Amino acid sequence: MSTIAISTPSDTELVMSRSFDAPKDLVFAAHTQAEHIAHWWGRGNPLDVTIDFRVGGTWRFVETADGQQHAFRGEFRAIEAPDTFTWTFEYEPMAGHVAVERYVFTEQDGKTTVTSTTTFSNQADRDGMIESGMESGAEQSYAALDAYLAKLTR
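Right, let's walk through the structure included here.

Cut-offs and rules
- Numbering of residues starts from 1 in each chain and follows the order in which that chain's sequence is written.
- Under the rules for a predicted model, residues below a pLDDT of 70 receive no local features and side-chain atom pairs below 80 are neither given nor counted, while totals for whole chains, interfaces and linings still include all residues.
- Hydrogens and waters are ignored; side-chain quantities use all the structure's heavy atoms.
- Nonpolar core, defined: a set of buried Ala, Val, Leu, Ile, Met, Phe, Trp, Tyr and Cys residues in which side-chain atoms within 4.5 Å join the residues together.
- Throughout this description, buried means an accessible area under 20% of the type-specific maximum (1.4 Å probe, protein chains only), exposed means over 50%, and partly exposed covers the range between.
- Helix numbering and strand numbering both begin at the N terminus, where a helix is a DSSP run of H or I of at least 4 residues and a strand a DSSP run of E of at least 2.
- When checking whether two residues touch, look at their non-hydrogen atoms; a contact exists if any pair is within 4.5 Å.
- Two strands form a pair only when DSSP identifies at least two bridges running between them.

**What to know about the nonpolar core**
Here is step 1: The biggest cluster of nonpolar side chains holds 33 residues, and the ones touching the most others in it are Trp40, Trp41, Phe61, Trp87, Tyr142, Leu145 and Leu149.
Here is step 2: At the level of elements, β2 (13–20), α1 (24–32), β3 (47–51), β4 (58–65), β5 (68–80), β6 (84–91), β7 (99–108) and α4 (134–152) are the ones that each hand at least two residues to this core.
Here is step 3: Ranked by residue count, the leading element in this core is α4, at seven residues.
Here is step 4: For Trp87, the contacting residues outside a window of four places in its chain are Trp59, Phe61, Glu75, Phe76, Arg77, Ala99, Val100, Glu101 and Tyr103.

Written as C-alpha coordinates, this is what we have:
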(Lines give C-alpha, C1' and ligand atoms only; values in the text may rest on other atoms or scores of the structure.)
Protein backbone atom coordinates (compact mmCIF):
# COMPACT_ATOMS: atom_id res chain seq x y z
CA MET A 1 0.00 0.00 0.00
CA SER A 2 1.40 3.37 -1.00
CA THR A 3 1.67 5.99 1.72
CA ILE A 4 2.94 8.70 -0.62
CA ALA A 5 0.63 10.65 -2.92
CA ILE A 6 2.39 11.18 -6.25
CA SER A 7 1.29 13.33 -9.16
CA THR A 8 2.73 14.77 -12.36
CA PRO A 9 1.05 18.17 -12.79
CA SER A 10 3.16 19.03 -15.85
CA ASP A 11 5.56 17.34 -18.26
CA THR A 12 8.54 18.36 -16.12
CA GLU A 13 7.17 18.14 -12.56
CA LEU A 14 6.78 15.39 -10.00
CA VAL A 15 4.95 16.09 -6.74
CA MET A 16 5.08 13.78 -3.72
CA SER A 17 3.20 14.28 -0.46
CA ARG A 18 3.44 12.26 2.75
CA SER A 19 2.27 12.86 6.34
CA PHE A 20 4.13 12.00 9.54
CA ASP A 21 2.95 11.74 13.14
CA ALA A 22 5.46 14.30 14.43
CA PRO A 23 5.73 18.08 14.81
CA LYS A 24 6.92 20.22 11.91
CA ASP A 25 10.13 21.40 13.60
CA LEU A 26 11.26 17.79 14.08
CA VAL A 27 10.31 16.65 10.57
CA PHE A 28 12.11 19.68 9.10
CA ALA A 29 15.21 18.90 11.18
CA ALA A 30 15.06 15.27 10.02
CA HIS A 31 15.28 16.53 6.42
CA THR A 32 18.05 19.08 6.99
CA GLN A 33 20.46 17.85 9.69
CA ALA A 34 23.10 15.21 9.01
CA GLU A 35 22.64 13.47 12.36
CA HIS A 36 19.00 12.80 11.45
CA ILE A 37 19.28 12.20 7.70
CA ALA A 38 21.76 9.36 8.21
CA HIS A 39 19.06 7.36 10.01
CA TRP A 40 16.47 7.25 7.24
CA TRP A 41 17.27 8.86 3.88
CA GLY A 42 18.97 5.85 2.31
CA ARG A 43 16.03 3.52 3.06
CA GLY A 44 17.81 2.64 6.29
CA ASN A 45 20.99 1.56 4.46
CA PRO A 46 24.37 2.90 5.63
CA LEU A 47 24.60 6.54 4.56
CA ASP A 48 27.48 9.01 4.61
CA VAL A 49 26.04 12.52 4.91
CA THR A 50 27.80 15.82 4.28
CA ILE A 51 25.59 18.89 4.53
CA ASP A 52 26.21 22.63 4.73
CA PHE A 53 22.67 23.82 5.42
CA ARG A 54 22.71 27.42 4.21
CA VAL A 55 21.76 29.14 0.97
CA GLY A 56 24.65 28.36 -1.39
CA GLY A 57 25.76 25.46 0.80
CA THR A 58 26.16 22.02 -0.67
CA TRP A 59 25.08 18.55 0.33
CA ARG A 60 26.23 15.04 -0.62
CA PHE A 61 24.81 11.69 0.47
CA VAL A 62 26.49 8.37 -0.33
CA GLU A 63 24.29 5.33 0.25
CA THR A 64 25.78 1.85 0.46
CA ALA A 65 23.32 -0.77 -0.79
CA ASP A 66 23.78 -4.20 -2.31
CA GLY A 67 27.56 -3.83 -2.10
CA GLN A 68 27.53 -0.64 -4.17
CA GLN A 69 27.76 3.05 -3.39
CA HIS A 70 25.19 5.48 -4.76
CA ALA A 71 26.11 9.17 -4.50
CA PHE A 72 23.72 12.12 -4.68
CA ARG A 73 24.57 15.81 -4.42
CA GLY A 74 23.21 19.31 -4.71
CA GLU A 75 23.17 22.89 -3.50
CA PHE A 76 20.72 24.77 -1.31
CA ARG A 77 18.94 27.56 -3.18
CA ALA A 78 16.43 28.81 -0.59
CA ILE A 79 15.70 28.17 3.09
CA GLU A 80 12.79 29.40 5.21
CA ALA A 81 13.05 27.19 8.29
CA PRO A 82 10.96 25.33 9.34
CA ASP A 83 8.51 25.85 6.47
CA THR A 84 10.41 25.20 3.26
CA PHE A 85 13.74 24.66 1.55
CA THR A 86 14.82 24.27 -2.06
CA TRP A 87 17.85 22.37 -3.28
CA THR A 88 19.23 20.96 -6.48
CA PHE A 89 19.34 17.17 -6.79
CA GLU A 90 21.73 15.16 -8.94
CA TYR A 91 22.57 11.45 -8.99
CA GLU A 92 26.33 11.49 -9.55
CA PRO A 93 26.50 8.58 -12.03
CA MET A 94 24.11 10.58 -14.22
CA ALA A 95 25.92 13.91 -13.92
CA GLY A 96 24.34 16.82 -15.71
CA HIS A 97 20.75 15.73 -15.05
CA VAL A 98 20.03 18.25 -12.30
CA ALA A 99 16.54 18.66 -10.86
CA VAL A 100 15.31 21.37 -8.50
CA GLU A 101 13.34 20.17 -5.46
CA ARG A 102 11.22 22.34 -3.19
CA TYR A 103 10.09 20.86 0.12
CA VAL A 104 7.16 22.38 2.02
CA PHE A 105 6.31 21.37 5.61
CA THR A 106 2.83 21.99 7.02
CA GLU A 107 1.56 20.96 10.44
CA GLN A 108 -1.98 20.28 11.58
CA ASP A 109 -2.99 18.67 14.87
CA GLY A 110 0.57 17.54 15.58
CA LYS A 111 0.98 15.82 12.23
CA THR A 112 3.28 17.16 9.53
CA THR A 113 2.79 16.85 5.80
CA VAL A 114 5.87 17.06 3.59
CA THR A 115 5.22 18.00 -0.03
CA SER A 116 8.11 17.96 -2.47
CA THR A 117 7.87 19.39 -5.95
CA THR A 118 10.67 18.30 -8.25
CA THR A 119 11.18 20.22 -11.48
CA PHE A 120 13.21 18.50 -14.17
CA SER A 121 14.92 20.01 -17.23
CA ASN A 122 12.74 17.96 -19.54
CA GLN A 123 10.07 15.27 -19.61
CA ALA A 124 12.58 12.50 -20.38
CA ASP A 125 14.44 13.22 -17.13
CA ARG A 126 11.18 13.23 -15.16
CA ASP A 127 10.02 9.99 -16.73
CA GLY A 128 13.45 8.42 -16.19
CA MET A 129 13.25 9.24 -12.48
CA ILE A 130 9.80 7.68 -12.23
CA GLU A 131 10.95 4.55 -14.10
CA SER A 132 14.06 4.21 -11.87
CA GLY A 133 12.02 2.82 -9.00
CA MET A 134 11.99 6.17 -7.20
CA GLU A 135 8.52 5.59 -5.75
CA SER A 136 9.56 2.36 -4.03
CA GLY A 137 12.75 3.98 -2.74
CA ALA A 138 10.81 6.97 -1.41
CA GLU A 139 8.31 4.64 0.30
CA GLN A 140 11.16 2.74 1.97
CA SER A 141 12.98 5.91 3.05
CA TYR A 142 9.85 7.48 4.48
CA ALA A 143 8.99 4.23 6.30
CA ALA A 144 12.47 4.43 7.85
CA LEU A 145 11.74 8.07 8.76
CA ASP A 146 8.46 7.02 10.41
CA ALA A 147 10.35 4.53 12.59
CA TYR A 148 13.07 7.07 13.40
CA LEU A 149 10.58 9.81 14.33
CA ALA A 150 8.73 7.34 16.59
CA LYS A 151 11.97 6.73 18.49
CA LEU A 152 12.56 10.47 18.87
CA THR A 153 9.04 11.29 20.06
CA ARG A 154 8.67 8.54 22.69
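Text resumes after the structure shown.
**A few points about the pairing of β5**
Here is step 1: Here β4 runs beside β5; their pairing, made up of eight bridges, is antiparallel. Note on β5: the bridge partner recorded for Ala65 is Gln68.
Here is step 2: Pairing of β5 with β6, which is carried by six bridges, proceeds in the antiparallel orientation. Of the residues in β6, the one forming a bridge with Ile79 is Phe85.
Here is step 3: Hairpin connection between β5 and β6: a loop of three residues separates the two successive antiparallel strands.

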